[in-house]
Amino acid sequence: AQSVTQLGSHVSVSEGALVLLRCNYSSSVPPYLFWYVQYPNQGLQLLLKYTTGATLVKGINGFEAEFKKSETSFHLTKPSAHMSDAAEYFCAVSDREGSQGNLIFGKGTKLSVKP
Amino acid sequence: NAGVTQTPKFQVLKTGQSMTLQCAQDMNHNSMYWYRQDPGMGLRLIYYSASEGTTDKGEVPNGYNVSRLNKREFSLRLESAAPSQTSVYFCASSEALTGAIGYEQYFGPGTRLTVT
């Protein structure tokens, strides 16, 4: 069965520092991978996704992620954190093994940005 | 374009009461989904509808029913609410099943439900 693990439920960085949010997945078929962001009291917004092709994916707000099949990882990075990046981030894998109706989410990483 | 809309935004129920959460999308999407979000659990799929006229169970369907009223609307019903159903409920839609093609899902703003 497919699953997603996000390492670290809370990450704190200083404004201007590198943001690195870790995501590992398990899947026996080529995965579709997503990163979503949730600002307080709002719904989820897509940051970026990987389906096929180029393994380095660029998203909105300066975020990018690299699909590494050998490491079963899809870590999210941003070179320089901004205060407005404070939010909760969810990695997700699309269910391609079962009913195909699922996005299987990690438990989320809350990012804090210190001034 | 409003995207995905949900009503109500907040609701408090007593144990045993029933209610229906409404969801509508204006993007002409075929597939729609209901999730619940609980602290530290991420989002879990309750039910989904691949296309108008079809519905299927997700990971946590017990205690819920759904109706795909038409292509735009997908409602979630709690017949007899329990405290364990206290959660934030999100509706989402996508052009087709995410698992089939990799289409992203678009989420509504959520309904915060408390069952006392």
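The structure under discussion appears in the preceding block.
The model shown is predicted, which means the values in this text are computed figures rather than measured ones.

Visitor: Which residues make up the state of the cysteines, and what values do they have?
Guide: The tally for this structure, following the rule as stated, stands at two disulfides over all chains. Covalently, C23(A) is tied to C91(A) through a disulfide, its sulfur atoms 1.9 Å apart. Here the disulfide of C23(A) and C91(A) is left-handed, its torsion about the S-S bond being about -65 degrees. Linking C23(A) in strand 3 (residues 19-26) with C91(A) in strand 9 (residues 87-94), this pair joins segments that are 68 residues apart in sequence. Overall, C23(A) belongs to the buried group, its relative accessible area being 0%. There is a disulfide in this structure between C23(B) and C91(B), and the S-S distance comes to 1.8 Å.

Visitor: Kindly report on the nonpolar core, identifying the contributing residues and their values.
Guide: Among the nonpolar cores identified, the biggest contains 27 residues, and W35(A), L47(A), L48(A), F74(A), L76(A) and Y89(A) are the most heavily contacted of them. Residues contacting F74(A), with those up to four places away along its chain left out, are C23(A), L33(A), F34(A), W35(A), L48(A), K49(A), Y50(A), A65(A), E66(A) and F67(A). Among the nonpolar cores identified, the runner-up in size contains 19 residues, and L13(B), M19(B), Y47(B) and L78(B) belong to it.

Visitor: Can you tell me about the interface of chain A and chain B, naming the residues and giving the values?
Guide: With 23 residues of chain A at the contact, the number on the chain B side is 23 residues. Between chain A and chain B, the buried area comes to about 1800 Å², and carbon and sulfur atoms account for 53% of it. Where chain A touches chain B, the interface holds one salt bridge. K49(A) serves as the salt-bridge partner of E104(B), at 2.8 Å between the closest nitrogen and oxygen. At the level of elements, strand 4 (33-38), strand 5 (44-50), strand 9 and strand 10 (103-105) of chain A are the ones that each hand at least two residues to the side of chain A that touches chain B. Residue composition of the side of chain A that touches chain B, by class: eight nonpolar, 11 polar and four charged.

Visitor: Tell me about the pairing of strand 3 (residues 19-25) of chain B, and please be specific about residues and values.
Guide: Two faces belong to every sheet, and in a regular strand the side chains alternate between them. Residues and elements named next belong to chain B. Here strand 3 lies mainly inside the structure; five of its seven residues are buried. In this structure, strand 3 lies alongside strand 8 (residues 74-78), joined through three bridges in antiparallel fashion. Bridged to T20 within strand 8 is R77.

Visitor: Which residues make up the pairing of strand 1 (residues 3-7) of chain A, and what values go with them?
Guide: Residue and element names in this part refer to chain A. The alternating pattern of strand 1 places V4 and Q6 on a buried face and S3, T5 and L7 on a face that is not buried. Strand direction decides the pairing type here: strand 1 and strand 3, joined by five bridges, are antiparallel. Looking across to strand 3, one finds that S3 is bridged to S26.

Visitor: Describe the sheet that holds strand 7 (residues 64-68) of chain B, and please don't skip the residues or the numbers.
Guide: Residue and element names in this part refer to chain B. What the four strands build is an open sheet, ordered 1-3-8-7; its pairing is antiparallel. Strand pairing shows two members of the sheet lacking a second neighbour, strand 1 (4-7) and strand 7, which therefore form its edges. Going from strand to strand, the sheet's axes swing by 20 degrees on average, the running direction of each strand aside.

Visitor: Any details on the side chain of D85(A)? Residues and values, ideally.
Guide: Residue and element names in this part refer to chain A. Tracing the backbone shows D85 in the loop between strand 8 (73-78) and strand 9. Side-chain polar atoms of D85 contact the backbone nitrogen of H82, separated by 2.8 Å. Here D85 is in contact with F63, K78, S80, L111 and V113, once residues within four sequence places are set aside.

Conventions we followed
Residues numbered from 1 in each chain as written. Chains lettered and ligands numbered in written order. Predicted model: local features only at pLDDT ≥ 70, side-chain atom pairs only at ≥ 80, totals over all residues. Heavy atoms only, no water. Disulfide = S-S within 2.5 Å. Helix = DSSP H or I, 4+ residues; strand = E, 2+ residues; numbered from the N terminus. Buried < 20%, exposed > 50% of the residue type's maximum accessible area, 1.4 Å probe, protein only. Core = buried A, V, L, I, M, F, W, Y, C linked by side-chain atoms within 4.5 Å. Contact = heavy atoms within 4.5 Å. Buried area = accessible area lost by both parts, 1.4 Å probe. Salt bridge = Lys/Arg side-chain N within 4 Å of Asp/Glu carboxyl O. Nonpolar A, V, L, I, M, F, W, Y, C, P; charged D, E, K, R; others polar. Pairing = 2+ DSSP bridges. Axes fitted to C-alpha atoms, helices over the stretch in contact; angles between N-to-C directions. Polar contact = N/O pair within 3.5 Å; in protein donor to acceptor, adjacent residues only side chain to side chain.

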